[in-house]
Amino acid sequence: MPMPMPMQLVLSLLPFCLVAAAAVQPGDYLAVPGGSIRIDAVVSPSRQPEQHVFRTISSAVDGAPAGYVVYVTRGVYNEHVAVASSGLTLVGEGMGATFITGNRTNKTEGVHSNADTATLDITGENFTARDLTVANTAGVDAGPAVAVRSAANRSIFYRCEFVGFQDTLLAESRIQFYKECTIHGTVDFIWGDATAVFQDCLIYVRKPQAGRHNVITAQGRDAPERDTGFAFQNCSVITRDDLTGVDTFLGRPWRNHSHVMIMQSYLDTIVNPQGWVTWKREDVAAEATRTVRYMEYGNRGPGAVYDRRVNWTGFRHIRHSREAKKYTVDRFIAGNQWLPGRKVHFNPGLYKSDKHA
C-alpha cells in the first residue's frame, strides 16, 4: 500500500487528475466488492457547483440524507469534515490520491479536547469510508493531533490511510471495522474505547520526538465487564523510518482495564521484546499490570518472540485457537450479522495460513 504522496506532488498533479475525474456524475454506479454503489454526490474543486456537485466535502455531507454516497475526486482537501448523517459513505480515488488534511492541535483556538483536533469526525452510524487518506499534519512536536475520530456504530474503513504522529486514530466508541488500512503514528496512535477489529492492516511506526518511545495502542476500557477492545488480525507492524535507539511497544493502558489482542500478525524488529509498557514507563508495579487484558496469538516475525515479554498478570500468550476465535470478525464484532450487506471483503474467522511473510 502506498505512502501518501508529498503535498507538492499531489498539488502538481491536480490539473491532470481533476480532468479525468470530471466524467464522474451523480447517478453513476461504482463497482465495489460484491456489487456496485450508486453515487449521489460528487466533490471536485475544479467543477462548477450545481445540484449534487460540490467543491468541498463539508458542503456535500452537511445535512445529507441517510444512505448518501459521496464520491470525492482526487486532490487535496484542506478542511475539517464532520459526518453526522446515518449511513453516509465517502468514496475516494485511492490512498494518497484523495487526501483530506488538517492541522488542529489541542492548542488550536476553539479546540477543547484531543478529540476536537480530528480532521474527519464521524458520529453518524453505519458510516463507510473507502479509498482515501486522512491526515493531521500538525507535526511530531505538536502533541495530540487526531486525523480521524469515529464514534459511529458499525462504521467501516476500507482501504483507507490515517496519517499523523500522536493520537492519529481515535476509535472512540461502538462497533468498528478496519480492513486493508494503513495507519501511521508514534505515541498512542490507535486509541479509544471502541469494539474494533483491524484486519489486514499496515501499521507504520514513525520516528518520535527525541528521547520518546513509541506506543501503538492506548485502548481505554475502564471496567472488566465491558466488551470493548481492539483486535488486530493479520496486520503488519513495520516502519520506513530509522528507529535506531527508539523503543516501540504494542500498547499501554489508557484505562486500567485496557483490552487488546494481536493475532496472526507480523511484528518487525522495531517491537521491544517486552511487548507492552505501563502508562508511565517507570511505574513498573502499576495496578494496571494486573487488570489489563493484553494477548498475543500466532504472531510471526522477529518482534514476536515471547520469552522476554512482560511478566504481568494481565498479559497472556494465547496458545489455543478456541480462545483466539473470540477475537475474530464474526465473534468479536458480530460481523456476519452486518458486514455482508456493506460490500466489503472480510474474513469472519481465523486465517488458516499466514498471508504476509
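The structure this text deals with has already been given above.
Note that the structure is a prediction, hence the values are computed from the model and not measured. (Residues numbered from 1 in each chain as written. Predicted model: local features only at pLDDT ≥ 70, side-chain atom pairs only at ≥ 80, totals over all residues. Heavy atoms only, no water.)

K.L.:
Looking at this model, I keep getting lost on the overall build of the protein. Mind explaining?
P.N.:
The number of helices and strands found in the protein is six helices and 27 strands. Its C-alpha atoms give the protein a radius of gyration of 20 Å, within 12% of the compact-globule value 21 Å for 357 residues. Principal-axis analysis of the C-alpha atoms places the extent of the protein at approximately 60 × 45 × 35 Å. A burial count over the protein gives 59% of its 357 residues as buried. Long-range contacts, defined here as pairs at least 24 residues apart, represent 64% of the contacts in the protein between residues at least 6 apart. When the accessible area of the protein is evaluated, it comes to approximately 14600 Å², of which 48% is carbon and sulfur surface. (Helix = DSSP H or I, 4+ residues; strand = E, 2+ residues; numbered from the N terminus. Rg over C-alpha atoms; globule rule 2.2 N^0.38 Å. Buried < 20%, exposed > 50% of the residue type's maximum accessible area, 1.4 Å probe, protein only. Contact = heavy atoms within 4.5 Å. Areas by Shrake-Rupley, 256 points an atom, 1.4 Å probe, with all protein chains shown as cover.)

K.L.:
Explain empty space enclosed by the protein here, please?
P.N.:
Tallied over the entire structure, the rule returns two cavities of 30 Å³ or more. One number sums up the size of the largest cavity: a volume of about 70 Å³. Every residue lining the largest cavity is listed: Gly-139, Val-140, Gly-143, Phe-165, Gln-166, Thr-186, Val-187, Pro-208, Gln-209 and Arg-212. Among the residues making up the lining of the largest cavity, the classes are represented as four nonpolar, five polar and one charged. (1 Å grid on protein atoms, 1.4 Å probe; cavity = no way out; pocket = protein on both sides within 12 Å on 5 of 7 lines; lining within 4 Å. Points joined across faces, edges and corners; volume = space filled by probe spheres on them. Nonpolar A, V, L, I, M, F, W, Y, C, P; charged D, E, K, R; others polar.)

K.L.:
Sorry if this is basic, but what is going on with the environment of Asn-311 here?
P.N.:
In this fold, Asn-311 is placed in the loop between strand S26 (293-297) and strand S27 (315-318). Distance in space between the C-alpha atoms of Asn-311 and Asn-114 is 32 Å, their sequence separation being 197 residues.

K.L.:
For this particular structure, what's the right way to read the environment of Asp-222?
P.N.:
Within the fold, Asp-222 resides in the loop between strand S20 (214-219) and strand S21 (229-233). Residue class for Asp-222 comes out partly exposed when judged on its relative accessible area of 49%. In this structure the C-alpha to C-alpha distance between Asp-222 and Thr-291, which are 69 residues apart in sequence, comes to 9.8 Å.

K.L.:
Quick question: what am I supposed to make of the nonpolar core here?
P.N.:
One recurring pattern in soluble globular proteins is that nonpolar side chains are buried together. Residues Leu-90, Phe-157, Tyr-178, Ile-190 and Phe-198 are the most contacted members of the largest nonpolar core, which totals 62 residues. In this structure, Ala-231, Tyr-327, Leu-339 and Val-344 belong to the second largest nonpolar core, which totals 19 residues. (Core = buried A, V, L, I, M, F, W, Y, C linked by side-chain atoms within 4.5 Å.)

K.L.:
What's the story with unusual backbone geometry in this structure? I'm lost.
P.N.:
Among all residues except glycine, the phi angle is most often negative; among peptide bonds, the trans geometry is most common. The backbone of Glu-180 sits at a positive phi, close to 55 degrees, despite the residue not being glycine. Position of Glu-180 among the secondary structure elements: in the loop between strand S15 (175-179) and strand S16 (182-185). We classify Glu-180 as partly exposed; its relative accessible area is 23%. With phi around 50 degrees, Ala-334 is a residue other than glycine that occupies positive phi space. Tracing the chain through its elements places Ala-334 in the loop between helix H5 (329-332) and helix H6 (335-338).

K.L.:
Would you mind showing me how to read the sheet that holds S20 here?
P.N.:
Sheets are built from strands that pair by backbone hydrogen bonding, the pairs being arranged parallel or antiparallel. Here seven strands make up an open sheet; going across it, the order is S7-S10-S12-S14-S17-S20-S23 and the pairing parallel. Edge positions in the sheet fall to strand S7 (81-83) and strand S23 (248-251), since each of these pairs with one other strand and no more. Direction aside, neighbouring strands of the sheet carry axes that sit 10 degrees apart on average. Where S7 and strand S10 (residues 120-122) come together, three bridges link them in parallel fashion. Each residue of the ladder has a partner; that of Val-81, found in S10, is Leu-120. (Pairing = 2+ DSSP bridges. Axes fitted to C-alpha atoms, helices over the stretch in contact; angles between N-to-C directions.)

K.L.:
Is there a simple way to explain the side chain of Asp-188 in this structure?
P.N.:
Tracing the backbone shows Asp-188 in strand S17 (residues 187-192). In this structure, Asp-188 is in contact with Asp-167, Val-215, Ile-216, Thr-217, Ala-218, Arg-252 and Trp-279, ignoring residues within four places of it in sequence.

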